[in-house]
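Residue strings, one per chain:
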Amino acid sequence: MGVGDRSTGAAAGKSTTGTATAGDAEAGTSRTRTGEAGTIEAGTSEAGVAARPRLLVATLVYTGLVVSLIGTLGTPLIPLVVREHHVSFVAAQWILTVTLLVGAVAGPTLGRLGDGPRRKGVLMGGLGSVLAGAVVAATAWNFPQLVAGRALMGIGLGLMPLTFATARECLPKASGVRVVAVLSVSVASGTGLGYPLTGTIADRVDYRYAFWLAALLTAAAIALIAVAVPRAGAATRLLASGQARRRPFDVPGAALIGLTLGAVLIGFSQAPRWGWGSAPVLGLFAGGVVLAAGWLAVERTSRAPLVDLRYLSPLPVMVSNGAAVFMGFGMFGTVSLVIRLIETPLSAGYGFGGGVLLAGLMIMPVSVGTLVATRVARVVDRRFGTAAVLTLGGLVVAVASLGLAGWRGHLVEVAVATGLLGAGIGTAFAAMPTLIITHVPLAETGSATSFNQAMRVVGGSMGSALAASLLAGFTPAGALLPRDAGYTAAFLMLGLVSLLGAVLGLVLRASGQVPARPPAEPRRGGVQAGGIALPARGGSVAVEAPAEGRATMAKPRAAGGLQRTTVAPALAAGGGAAP
């Protein structure tokens, strides 16, 4: 997606070197020369740009769809797991909860590990865990083994930020921004495809075939990544060579953010059953607040933080993370209610008495909506800017949920609403990573976007839990099903919360702090990758990050000499480009 806002905003200001040098601000003075024969990996052209960009883009999008599919395997299979393993409905829901929990906890750690020369290995290793988990789940003959397999599969949900970072590094900048938007939309597309696919398998054959299919799809993703994704390109090595070997992994930060997310997500997932005022739920939320405060304190003082808090402070990044909570709230909550509504027996006086397959088919329009969103978002962004894209997405999601509050008596009405939901979510998801990557340096892409993904999961857990609690509140004593008014109240709540995402977009647009248009594609004599200009074969690049905060970079003249450009201290600290 192109980035069309006019502003003083971030990474692509007057110097094309801003994103590369910002990550070096605290490293003192370091200097790296690259470009000699043998420093560029096989499979890339000069500067780490993929030699086969179409194959790389197809591989990343396919990986995103597979990762999204992993998250949808739980919900349609829960009734079958209840019958097969003789467990309660509450216990069976852990095959969904544990996957989301592990994905959210693993995300920030994988994002940091993938920010640098280890990215390809982390991608393949994470998918290897998914493959192993799928096999464990497919061969499970008891419930604990099934849960363990789903936990391993959850690691895959933390890999999407690494696909963003790969696209940003290995593709020319303008193309990379558009591909990152498409990758973010693929999360919603995979959801729309995963439910009907899983529902078909569950309705026709043994549910274990769904996990065997996941294993095959994951194996194909591993093979494609091995072929299409280059190892660390020159842009990443340029940043990493002066820092990565000296940068320790932030174990305390990783532990604290993992425990924080774990406490919060378990609290939300269990609150509808244990009660929002119960001691365990209140204890989990209180523990989450204390752990979050401890994590913030550790990250502020760490020399090598897991998530650099400086890059979470620009208004566009804060807006993106806030919108992730609200859009996740609306998406997960609405999907969970639609599935439950479709499967409600006709004897309740509402609902459709459908099975897993029909429920999956009613979620399929989400994927259709995301396809429309990709094109619409690009046009809106080009004419009105990224903030307008986010606002439009929030409005459409709100319309979908509010529409279901009033019209849900026919399957056509439900299908139209889920299609609108897909269009809104796809539009908003396209804007959120764009707001982030245009305000953080290349070396922080995985870390910053993984935090955004964690916020999306937290929002989704909140939406699903509060919707379920509302339905429970509208269930008469001794009855098994809620009154129809419970769905009206729940859809109204989801729609109003989704509107907050649109409000954030309006706030950002009014502030003027929105990303600038990316610079032109590779200029003559060199290649631009991930926001850093690199010379053609045989040239050299020098990066300096002086202690006083002005980062400079030497770039080749047309005749082969070096010309020095300067990046303002504000950008080195993660802010916008200097006017």
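Residues numbered from 1 in each chain as written. Predicted model: local features only at pLDDT ≥ 70, side-chain atom pairs only at ≥ 80, totals over all residues. Heavy atoms only, no water.

A.B. asks: Sorry if this is basic, but what is going on with the overall build of the protein chain here?
C.D. replies: Scanning the protein chain from N- to C-terminus turns up 21 helices and five strands. Evaluated residue by residue, the protein chain yields a buried proportion of 59% over its 579 residues. Of the contacts made within the protein chain by residues no fewer than 6 positions apart, 79% connect residues no fewer than 24 positions apart. Here the protein chain displays about 21,400 Å² of accessible surface, and carbon together with sulfur accounts for 67% of that area. (Helix = DSSP H or I, 4+ residues; strand = E, 2+ residues; numbered from the N terminus. Buried < 20%, exposed > 50% of the residue type's maximum accessible area, 1.4 Å probe, protein only. Contact = heavy atoms within 4.5 Å. Areas by Shrake-Rupley, 256 points an atom, 1.4 Å probe, with all protein chains shown as cover.)

A.B. asks: Would you mind going over the pattern of salt bridges with me for this structure?
C.D. replies: As a working rule, side chains carrying opposite charge can pair if their charged atoms are close by. Taken as a whole, this structure holds six salt bridges when the rule is applied. Residue D308 is joined to R310 by a salt bridge in which the shortest nitrogen-to-oxygen separation is 2.9 Å. As a salt-bridge pair, D484 and R408 come within 2.9 Å of each other at their nearest N and O atoms. With a gap of 76 residues between them, D484 in helix α20 (residues 484-511) and R408 in the loop between α17 (386-406) and α18 (411-437) connect regions that are remote in the sequence. The exposure class assigned to R408 is buried, which follows from its relative accessible area of 9%. Linked by salt bridges that have partners in common, E84, D206 and R208 make up one network. (Salt bridge = Lys/Arg side-chain N within 4 Å of Asp/Glu carboxyl O.)

A.B. asks: Help me out: how do you make sense of the confidence of the model for the protein chain in this one?
C.D. replies: Parts of the model with low pLDDT should not have their predicted coordinates read in detail. Within the protein chain, residue pLDDT values average 78, and 77% of them lie at 70 or more. With pLDDT under 50 throughout, residues 1-48 is counted as low confidence; its partners more than four residues away or in other chains account for 172 contacts. Across residues 516-579, where pLDDT falls below 50, the model places 189 contacts with residues more than four positions away in sequence or in other chains. (pLDDT = per-residue confidence, 0-100.)

A.B. asks: Help me out: how do you make sense of the nonpolar core in this one?
C.D. replies: Of all hydrophobic cores here, the largest spans 105 residues; its most connected members are L337, L390, I425, M455 and F491. The element best represented in this core is helix α14 (residues 315-343), accounting for 14 residues. Ignoring sequence-local partners within four residues, the contact set of I425 consists of A188, M327, M331 and V397. In terms of nonpolar packing, the next biggest core, distinct from the first, is built from 27 residues, A134, Y207, A210 and A214 among them. (Core = buried A, V, L, I, M, F, W, Y, C linked by side-chain atoms within 4.5 Å.)

A.B. asks: Would you mind showing me how to read a nonpolar patch on the surface here?
C.D. replies: On the surface, V135, V205, Y209 and W212 cluster together into a nonpolar patch covering about 360 Å² of accessible area. With respect to the element layout, Y209 can be found in helix α10 (residues 208-228). (Patch = residues over 30% accessible without salt bridge, like charges linked within 9 Å, V, L, I, M, F, W, Y side chains within 5 Å.)

A.B. asks: How should I be thinking about the packing of aromatic side chains in this particular structure?
C.D. replies: Two descriptors summarise a pair of aromatic rings, namely the distance from one centre to the other and the angle between the planes of the rings. All chains considered together, the criterion is met by seven aromatic pairs. When the centroid spacing of 6.3 Å and the interplanar angle of 25° are considered together, the rings of W276 and F285 count as stacked. We classify F285 as partly exposed; its relative accessible area is 21%. When the ring centre of W141 is taken as reference, the NZ or CZ atom of R208 above it lies at 4.3 Å. A cation sits over an aromatic face here: R456 above F429, 3.9 Å from the ring centre. (Phe/Tyr/Trp six-rings, centres within 6.5 Å; stacked < 30°, edge-to-face > 60°. Lys NZ or Arg CZ within 6 Å of the ring centre and 35° of its normal.)

A.B. asks: Looking at this structure, I do not really get the packing of α14 against helix α19 (residues 445-473). What am I missing?
C.D. replies: Two elements in contact, α14 and α19, have axes whose closest approach is 6 Å; the angle formed by their N-to-C orientations is 40°. As far as their axial angle goes, α19 and α14 are oblique. Here α14 and α19 pass one another in a crossing that is right-handed. Here α14 contributes S320, N321, A324, V325, G328, F329, F332, G333, S336, L337 and R340 to the contact with α19, which in turn contributes F451, N452, M455, R456, G459, G460, M462, G463, S464, L466, A467 and L471. In terms of residue class, the contact of α14 with α19 is made up of eleven nonpolar, ten polar and two charged. (Axes fitted to C-alpha atoms, helices over the stretch in contact; angles between N-to-C directions. Parallel < 35°, antiparallel > 145°, perpendicular 65-115°, else oblique. Left-handed = near helix turned anticlockwise from the far one by under 90°. Nonpolar A, V, L, I, M, F, W, Y, C, P; charged D, E, K, R; others polar.)

A.B. asks: Where do I start with unusual backbone geometry in this structure?
C.D. replies: Glycine aside, negative phi is the norm for most residues, and most peptide bonds take the trans geometry. At H86, a residue that is not glycine, the phi angle is positive and equals roughly 55°. Taking the relative accessible area as the measure of exposure, H86 reaches 72% and is therefore exposed.

A.B. asks: Looking at this structure, I do not really get the side chain of T166. What am I missing?
C.D. replies: Examined against the element boundaries, T166 turns out to sit in helix α8 (residues 160-170). Excluding residues that lie within four positions of it along the chain, T166 makes contacts with L56, L60, R119, L123 and V229.

A.B. asks: Sorry if this is basic, but what is going on with helix α5 (residues 94-113) here?
C.D. replies: Two residues of an α-helix separated by three or four positions point the same way, owing to the 3.6 residues in each turn. Look at α5: 28 Å from first C-alpha to last across 20 residues, which is about the 28 Å you get at 1.5 Å a residue. In the structure, α5 departs most strongly from a straight axis at G107, where the bend amounts to approximately 40° and where the proline P108 lies between one and four residues downstream. Counted residue by residue, α5 has 15 buried out of 20 residues, so it is predominantly covered. (Expected span 1.5 Å × (residues − 1). Bend = angle between axes of the 7 residues up to and from the residue.)

A.B. asks: Whenever I open this one, the environment of A215 confuses me. Can you help?
C.D. replies: If you trace the backbone, A215 turns up in helix α10. We classify A215 as buried; its relative accessible area is 6%. Each C-alpha atom, one on A215 and one on V136, is 9.9 Å from the other, the two residues being 79 residues apart in sequence. Setting aside its immediate chain neighbours within four residues, A215 contacts L131, A134 and V135.

A.B. asks: What's the story with the environment of A140 in this structure? I'm lost.
C.D. replies: The residue A140 is located in the loop between α6 (119-138) and α7 (143-154) in this model. Taking relative accessible area as the criterion, A140 reaches 0% and is therefore assigned buried. Along the chain, A140 and R208 lie 68 residues apart, while their C-alpha atoms are 8.4 Å from each other. Dropping the residues within four chain positions of it, A140 is found in contact with H85, Q145, L146 and R208.

A.B. asks: Mind showing me how you'd approach the packing of α8 against α19 here?
C.D. replies: Packed helices, taken two at a time, are described by the angle between their axes plus the distance between the axes. Interaxial distance between α8 and α19 falls to 8 Å at its minimum, and their mutual angle equals 145°. Where α8 crosses over α19, the handedness of that crossing is right-handed. Contacts between α8 and α19 involve M160, P161, F164, A165 and R168 from the first element and T445, G446, T449, S450 and Q453 from the second. For the contact of α8 with α19, the residue count by class is four nonpolar, five polar and one charged.

A.B. asks: Looking at this model, I keep getting lost on the side chain of Q453. Mind explaining?
C.D. replies: The residue Q453 is located in helix α19 in this model. Among the polar contacts listed, one links the side chain of Q453 to the backbone oxygen of L157, at a separation of 2.3 Å. Contacts of Q453, omitting those with residues within four sequence positions, involve L157, G158, M160 and P161. (Polar contact = N/O pair within 3.5 Å; in protein donor to acceptor, adjacent residues only side chain to side chain.)

A.B. asks: How should I be thinking about α18 in this particular structure?
C.D. replies: Taking 1.5 Å as the rise per residue, α18 with 27 residues should run 39 Å; its terminal C-alpha atoms sit 40 Å apart, in good agreement. Where burial is concerned, most of α18 is hidden: 21 out of the 27 residues are buried.

A.B. asks: Teacher, can you tell me more about the environment of Y209 here?
C.D. replies: The partly exposed category is assigned to Y209, whose relative accessible area is 49%. Expressed as a C-alpha distance, the spacing of Y209 and T198, which sit eleven residues apart in the sequence, is 9.2 Å.

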